[in-house]
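Structure at a glance
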Amino acid sequence: MVAMQYNLHQLKCLRPLFTRFLHQNASPDDAKIYSILASSGLSKAVSSLFSSPSPFSFNLYQHLFSLCASNRSIIDARKVESHLTTFATTPPAFLINRVIECYGKCGCLSDARELFDEMSQRNGGSWNAMITAYAKNGCVEEGLSVFLEMYGCGVLPNEVTFASVLVCCGGVLELGLARQVHGLVFKLGFEGNVILGCSLVDVYGKCSVMGDARKLFDETENANVVSWNVIVRRYLENGEGREAVFMFSEMIRKDLVPMNYTVSNALGACSSIFALNEGSQIHGYSIKINFKEDYVVLTSLINMYLKCGALRDARVIFDRLGTRDLGHWTSLVSGYAKHGNIREARELFNEMPVRSLISWNAMLDGYTHLSQFEEALDFVILLLKEIRDIDYVTVGLILHTSAGLLDVELGKQVHGYCYRHGLCSNGFVVNALLHMYGSCGNLRSSRILFYHMGPQRNYYSWNAVLTTLARHKMSEEALIVFSKMITDSETKPSNYNCGTVLSICANISALNTGKEVHGFMVRNGYIVDVVATGALVDMYSKCHCVEYAFKVFQRAACRDLILWNCMLLGCSHNCKVDKVFELFELMDDEGVKPDNTTFQAVFIACINGSRVELGRRYFDAMSNKFFITPRLEDYESMIELYGRNGFMKDLENFIKDMPFDPTGPMLNKVLDFCRKHGHSSLGNWAVNRLNDMNPSDTYRYEPMEQVG
DNA sequence: GGTGTCAATT
């Protein structure tokens with residue numbers, strides 16, 4: 001790569017020399033134009049062509065066309081062409097090819113095509129120029145049709161042709177066509193060409209067949225930095241972040257120095273899989289290869305740190321950034337909001353020098369994400385004062401807000417807005433409407449919308465229906481809808497849908513249906529992700545099949561904290577007391593840090609198994625070893641544990657040592673235990689506290705009569 | 001002749 005850059009640099013230095021060379025060896029007529037060009041610029045030079053009614057040298061025309069192309073100066077280009085065609089009787093094909101290229105670069109395809117169609121003697125270069133012109137301007141179908149015509153005329157394509165044809169293939173995304181072109185590249189003996197190989201990898205990647213892309217890449221003998229860039233990029237785009245990061249590390253292992261864009265793509269891949277460790281390593285490496293100040297790399301670094309929740313690191317880079325654009329600000333606002341730091345997000349938002357609709361949407365998304373719907377609504381009012389044209393994202397978020405506030409009137413207003421602004425055909429918007437009407441209990445509207453969506457329905461729409469039915473105590477109907485979803489096979493259920501249905505099964509203890517869903521997933525080759533695994537574990541546990549739950553848990557490819565908690569809670573609720581303690585130790589061994597929910601499961605097990613001493617130890621370990629602040633429910637668990645087992649002295653010490661005043665329900669509990677186990681001093685203490693809290697009710701301590 | 005950062009989505 002270094003060598004290539006050097007050559008490019010050299011060429012740039014050579015250009016004035018070359019021009020002078022042309023100038024010096026030019027005919028007197030040409031020389032006049034060259035000197036006008038040097039002194040007064042392109043347009044003056046072009047105009048002065050017409051002072052001479054005879055043709056200039058082909059070299060001069062060629063030079064002028066290339067200047068017009070790089071300046072994208074279509075007016076001058078047309079003038080030069082007109083001079084050429086007027087005074088030179090039969091301009092050679094190569095010169096007409098340059099004109100076609102020039103028009104192509106200026107984006108004037110009709111001019112290019114007209115010229116191409118009028119050519120009496122085309123050569124291979126003419127076809128190439130035309131195909132390239134189409135490819136460069138995104139007219140990929142036209143490019144391909146010219147290519148087919150060319151092939152049909154018996155003109156053999158060369159590597160230049162294929163380079164543009166492959167760009168077109170990458171645009172139309174037709175895998176069959178790509179394979180045919182690949183076959184042709186091979187047949188005509190260009191398979192060793194790095195650039196074409198790279199383009200083919202690119203096309204396969206764009207068609208989402210990464211297996212083929214990778215195979216071809218591995219077969220490339222001398223892959224260069226561009227080839228590596230392509231493979232990393234396409235893995236990232238196809239959602240295979242891990243593989244993208246791996247390829248990047250391979251590239252470095254082979255001592256190739258990546259381009260800034262490749263570093264950026266690798267960082268994007270880290271973001272996509274939340275690989276903070278790898279991301280920071282790449283950060284270090286990027287400094288080593290002198291990208292410390294590179295705008296592209298820095299931007300991706302900020303984004304990576306934000307996505308991984310390392311807000312401080314992101315902020316440090318942001319603060320040091322020379323020029324910050326709207327994107328940087330918006331990224332930061334969105335990152336802070338997404339990680340729950342809504343106050344900082346808002347402060348940043350307020351500080352922004354300029355805001356776009358996207359910035360407003362990002363902030364609004366922060367509020368809705370945290371279910372702060374009142375704040376979201378206030379923010380919407382502000383937004384509407386500032387911004388005239390909102391888009392479907394804003395609309396979706398406002399609908400989400402109405403759903404959260406159960407405000408169907410607001411929802412209907414937004415629906416009207418969508419109707420007036422033609423947003424009702426947008427999939428996102430309709431789904432948001434579906435969700436809104438469902439949440440607000442307007443099942444009729446929700447049903448009509450769903451019916452009218454027809455083929456536009458996707459897994460999200462189905463999920464909206466499923467959750468709506470479940471929420472309105474129509475779980476059986478939800479199960480019927482799901483089975484319809486499968487039999488109609490209109491939309492393939494996503495992991496998400498399966499998870500929703502499993503949780504419905506769990507809630508109504510529909511073990512058989514739950515098993516069917518599980519079977520369906522296995523039979524249809526679903527990659528059961530960590531979320532779906534959690535849903536399965538939860539379903540089996542709640543249906544009292546804790547053994548099944550455990551099997552699913554053991555087979556999970558990865559176990560995050562939530563999944564551990566699912567399993568622990570499943571065991572606790574099914575009174576598998578010792579299993580809970582066993583799992584807790586295993587979890588610790590695997591290095592997964594417990595949270596409050598984990599301890600809830602542990603305390604339930606202690607209560608169910610009357611393991612008072614163990615419970616005490618866990619409660620202490622919670623703050624001392626794991627640095628987790630016990631919550632109200634943890635204190636409640638300990639009260640239950642001591643009280644239920646008659647550990648009245650411990651209960652008394654515990655409740656009087658709490659860092660906050662006991663709540664009413666806690667005191668009532670204590671009172672119950674005192675009555676049961678006969679502990680008058682604590683009982684009276686609890687009564688006094690209760691009476692202090694609520695002078696209108698009067699409590700009295702009366703020990704329960706001992707039974708039996 | 002190939003690659004190409006970053007921002008909001010129900």
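Residues numbered from 1 in each chain as written. Chains lettered and ligands numbered in written order. Predicted model: local features only at pLDDT ≥ 70, side-chain atom pairs only at ≥ 80, totals over all residues. Heavy atoms only, no water.

Here we come to the overall build of chain A. When helices and strands are tallied, chain A shows 41 helices and 0 strands. With the C-alpha coordinates of chain A rotated into their principal frame, the extents come out at 125 × 55 × 55 Å. Within chain A, contacts between residues at least 6 apart in sequence are counted, and of these 60% link residues at least 24 apart. Carbon and sulfur atoms make up 53% of the accessible area of chain A, which amounts to about 36,300 Å² in all. (Helix = DSSP H or I, 4+ residues; strand = E, 2+ residues; numbered from the N terminus. Contact = heavy atoms within 4.5 Å. Areas by Shrake-Rupley, 256 points an atom, 1.4 Å probe, with all protein chains shown as cover.)

Attention now moves to the packing of aromatic side chains. Tallying each qualifying case throughout the model produces 32 aromatic pairs. Ring centres of Phe56 and Tyr61 lie 6.4 Å apart, and the angle between their planes is 80 degrees; on these two criteria the pair is classed as edge-to-face. In this structure, Phe56 and Tyr61 share a single accessibility class: buried. Residues Phe553 and Trp564 carry aromatic rings whose centres are separated by 5.0 Å and whose planes lie at 80 degrees to one another, so their mutual orientation is edge-to-face. Within this pair, whereas Phe553 is found in helix H33 (residues 546–555), its partner Trp564 is found in helix H34 (residues 561–573), the two being separated by 11 residues in sequence. (Phe/Tyr/Trp six-rings, centres within 6.5 Å; stacked < 30°, edge-to-face > 60°. Buried < 20%, exposed > 50% of the residue type's maximum accessible area, 1.4 Å probe, protein only.)

A few words on the protein's contact with DNA strand B. Taken together, 38 residues surround DNA strand B, and among them Asn193, Arg234, Asp365, Phe428 and Asn431 come closest. Counting only atoms of DNA strand B within 4 Å of the protein, the fraction found in sugar and phosphate groups is 52%. In this structure, Thr299 approaches DNA strand B through a side-chain N or O atom, which is 3.3 Å from a base oxygen. His400 places a side-chain nitrogen or oxygen 3.1 Å from a sugar or linking oxygen of DNA strand B. (Near = heavy atom within 4 Å. Polar contact = N/O pair within 3.5 Å; in protein donor to acceptor, adjacent residues only side chain to side chain.)

On to helix H5 (residues 74–87), then. Helix length check: H5, at 14 residues, gives a terminal C-alpha distance of 20 Å against a target of 20 Å (1.5 Å per residue), a fit within 8%. What H5 keeps buried is the set Ile74, Asp76, Ala77, Val80, Glu81, His83 and Leu84. Buried residues along H5 sit against helix H3 (42–48), helix H4 (58–71), helix H6 (93–105) and helix H7 (109–118). (Expected span 1.5 Å × (residues − 1).)

This brings us to the pattern of salt bridges. Applying the stated criterion to the full structure yields 28 salt bridges. For Arg179, the salt bridge is made with Asp212, and the minimal N-O distance between the two is 2.4 Å. Linking Arg179 in helix H11 (residues 175–187) with Asp212 in helix H13 (residues 210–219), this pair joins segments that are 33 residues apart in sequence. Owing to a relative accessible area of 38%, Arg179 belongs among the partly exposed residues under this scheme. Using a relative accessible area of 29% as the deciding quantity, one classes Asp212 as partly exposed. Ionic pairing is found between Arg611 and Asp578, a salt bridge with its closest N-O pair at 3.0 Å. (Salt bridge = Lys/Arg side-chain N within 4 Å of Asp/Glu carboxyl O.)

Of note, His679 is situated in the loop between helix H40 (664–677) and helix H41 (680–693). A polar atom in the side chain of His679 sits 3.3 Å from the backbone nitrogen of Leu682.

What follows covers the UniProt feature "repeat: PPR" (unreviewed entry) in chain A. Look at the UniProt record and you will see "repeat: PPR" (unreviewed entry) annotated at residues 123–157, 224–258, 325–359 and 560–594. Regarding residues 123–157, the helix share stands at 74% and the strand share at 0%, and the terminal C-alpha atoms are separated by 11 Å. As annotated, residues 325–359 has a helix share of 74% and a strand share of 0%, and its two end C-alpha atoms lie 12 Å apart. (UniProt positions renumbered as here; feature names shortened; annotations may be inferred.)

Further remarks concern helix H22 (residues 357–369). Helix length check: H22, at 13 residues, gives a terminal C-alpha distance of 18 Å against a target of 18 Å (1.5 Å per residue), a fit within 8%. Those residues of H22 lying buried are Leu357, Ser359, Trp360, Asn361, Ala362, Met363, Leu364, Asp365, Gly366, Tyr367 and Thr368. Where H22 is buried, its residues meet helix H20 (326–338), helix H21 (342–351), helix H23 (373–386) and helix H24 (392–405). Just past H22, the residue Ser371 takes up positive phi, approximately 60 degrees.

This paragraph deals with the packing of helix H31 (residues 511–523) against helix H32 (residues 530–542). Packing of H31 against H32 leaves a shortest axis separation of 10 Å and a crossing angle of 155 degrees. By the angle between their axes, H31 is roughly antiparallel relative to H32. The handedness of the crossing between H31 and H32 comes out as left-handed. The segment H31 lies against H32, with Leu511, Gly514, Lys515, His518 and Met521 engaging Ala532, Leu536, Met539 and Tyr540. Classifying every residue of the contact of H31 with H32 gives 6 nonpolar, 2 polar and 1 charged. (Axes fitted to C-alpha atoms, helices over the stretch in contact; angles between N-to-C directions. Parallel < 35°, antiparallel > 145°, perpendicular 65-115°, else oblique. Left-handed = near helix turned anticlockwise from the far one by under 90°. Nonpolar A, V, L, I, M, F, W, Y, C, P; charged D, E, K, R; others polar.)

A cluster of nonpolar side chains, contributed by Tyr392, Val393 and Phe428, occupies part of the molecular surface with about 290 Å² of accessible area. By secondary structure assignment, the location of Tyr392 is in helix H24. (Patch = residues over 30% accessible without salt bridge, like charges linked within 9 Å, V, L, I, M, F, W, Y side chains within 5 Å.)

Moving on, we get to the packing of H11 against helix H12 (residues 194–206). Between H11 and H12, the least distance of the axes is 10 Å, while the angle of their chain directions is 165 degrees. Comparing the axis directions of H11 and H12 gives the class roughly antiparallel. Seen along the crossing, H11 lies across H12 with a hand that is left-handed. Here Leu175, Ala178, Arg179, His182 and Val185 of H11 come into contact with H12, specifically with Leu196, Leu200, Val203 and Tyr204.

On to the environment of Arg555. Locating Arg555 in the fold gives a position in helix H33. A relative accessible area of 70% means that Arg555 is categorised as exposed. Sequence separation between Arg555 and Thr533 is 22 residues, and the spatial gap between their C-alpha atoms is 9.2 Å.

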